Amino acid sequence: MNLYLLFSHSLTPEQIQDAQENWQIKNFIALPEELQSTWSNVPPLLSSLKTYLKDIFLWLEQAQKADKVLIQGDFGATYLMIQFARQRKLVPIYSTTTRKVIETVLPDGSIHTERLFVHQQFRIYEKI
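Residues numbered from 1 in each chain as written. Predicted model: local features only at pLDDT ≥ 70, side-chain atom pairs only at ≥ 80, totals over all residues. Heavy atoms only, no water.

A.B. asks: What's the story with the overall build of the chain in this structure? I'm lost.
C.D. replies: Broken down by element type, the chain carries four helices and five strands. Its helices and strands taken in sequence order, the chain reads β-α-β-α-α-β-α-β-β from the N to the C terminus. Dimensions of the chain, computed from C-alpha atoms along their principal axes, come out at roughly 55 × 40 × 35 Å. Per-residue burial over the chain gives 36% buried out of 128 residues. In the chain, of all internal contacts separated by at least 6 residues, the share reaching a separation of at least 24 is 62%. When the accessible surface of the chain is totalled, it reaches about 8500 Å², and 52% of it is carbon and sulfur. One finds the centroid of the 13 positive side-chain charges in the chain at a distance of 12 Å from the centroid of its 13 negative side-chain charges. (Helix = DSSP H or I, 4+ residues; strand = E, 2+ residues; numbered from the N terminus. Buried < 20%, exposed > 50% of the residue type's maximum accessible area, 1.4 Å probe, protein only. Contact = heavy atoms within 4.5 Å. Areas by Shrake-Rupley, 256 points an atom, 1.4 Å probe, with all protein chains shown as cover. Lys, Arg positive; Asp, Glu negative; His and termini not counted. Charge placed at Lys NZ, Arg CZ, Asp CG, Glu CD.)

Below, the structure written as structure tokens:
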């Protein structure tokens, strides 16, 4: 089973282990560098994303029925890719996390905030 990666980060060791143990993933397939740049830098002023994402649609056509696709990113691009994945009988998923926020008051009164995201599980994008 393959997991196609449509998101802007690298998988953590916990995500890799989860995918292998709970989703039977054998192969992790990342976007090529130029398509990764496209996915990670969706222009906010485009009125439509279909043309902008066409090369990513073409890249994802190599996926086989029931392959998983980790889709996280720009809301509009994510929505389109979920639809595309479903049309191709792929399984769109996302990572759930626990968020930990650490706030430190600095000597000048300003507040420094750190956010830690800890992977919990992958979840299928559900239909209503």
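A.B. asks: How do you make sense of the nonpolar core when you look at a structure like this?
C.D. replies: Membership of the largest hydrophobic core comes to 23 residues, with the highest contact counts inside it found for Leu6, Trp39, Leu53, Leu60, Ile71 and Met81. Tallying contributions element by element places helix α4 (residues 75-87) first for this core, with six residues. Not counting the four nearest positions on each side in its chain, Trp39 is found in contact with Leu6, Phe7, Ser8, Leu31, Leu53, Ile56, Ile71, Gln72, Gly73, Ala77, Thr78 and Met81. (Core = buried A, V, L, I, M, F, W, Y, C linked by side-chain atoms within 4.5 Å.)

A.B. asks: Looking at this structure, how should I read the packing of aromatic side chains?
C.D. replies: For any pair of aromatic rings, geometry is given as the distance between the ring centres together with the angle between the planes. Counting across every chain of the model gives three aromatic pairs. Ring geometry for Tyr4 against Trp59: centres 5.4 Å apart, planes inclined by 80 degrees, an arrangement best described as edge-to-face. Here the residue Tyr4 occupies a position in strand β1 (residues 2-6), and Trp59 occupies one in helix α3 (residues 54-60), the gap between them amounting to 55 residues. In this structure, Tyr4 and Trp59 share a single accessibility class: buried. Considering the side-chain rings of Phe57 and Phe84, the 4.9 Å spacing of their centres and the 50 degrees angle between planes classify their relative orientation as tilted. Pair noted here: Phe57 is in helix α3 and Phe84 is in helix α4, with a separation of 27 residues, a long-range link. Accessibility classification places Phe57 together with Phe84 in one group, the buried group. (Phe/Tyr/Trp six-rings, centres within 6.5 Å; stacked < 30°, edge-to-face > 60°.)

A.B. asks: Whenever I open this one, the environment of Ala77 confuses me. Can you help?
C.D. replies: Looking at the secondary structure, you find Ala77 in helix α4. Taking the C-alpha atoms as reference points, Ala77 and Leu58, separated by 19 residues in sequence, lie 14 Å from one another. Leave out the neighbours within four places in its chain, and Ala77 touches Trp39, Val42, Leu49 and Leu53.

A.B. asks: Explanation requested: helix α2 (residues 33-40) in the structure shown.
C.D. replies: All of the buried residues in α2 are Leu35, Gln36, Thr38 and Trp39. Along α2, the residues classed as buried sweep out an arc of 160 degrees about the axis, all on the same side. The outward face of α2, more than 90 degrees from its buried face, is lined by the exposed residues Glu33 and Glu34. On its buried side, α2 packs onto β1, α3, β3 (68-71) and α4. (Arc of directions from axis to C-beta.)

A.B. asks: Quick question: what am I supposed to make of unusual backbone geometry here?
C.D. replies: Most peptide bonds take the trans form, and the phi angle of most residues other than glycine is negative. Despite not being glycine, Gln24 has its phi angle at roughly 55 degrees, a positive value. Take Gln24: it is sitting in the loop between α1 (13-23) and β2 (27-30). For Gln24, a relative accessible area of 45% corresponds to the partly exposed category. At Lys89, a position not held by glycine, the phi torsion is positive, near 65 degrees. In this structure Lys89 comes out as exposed when scored by relative accessible area, which is 54%.

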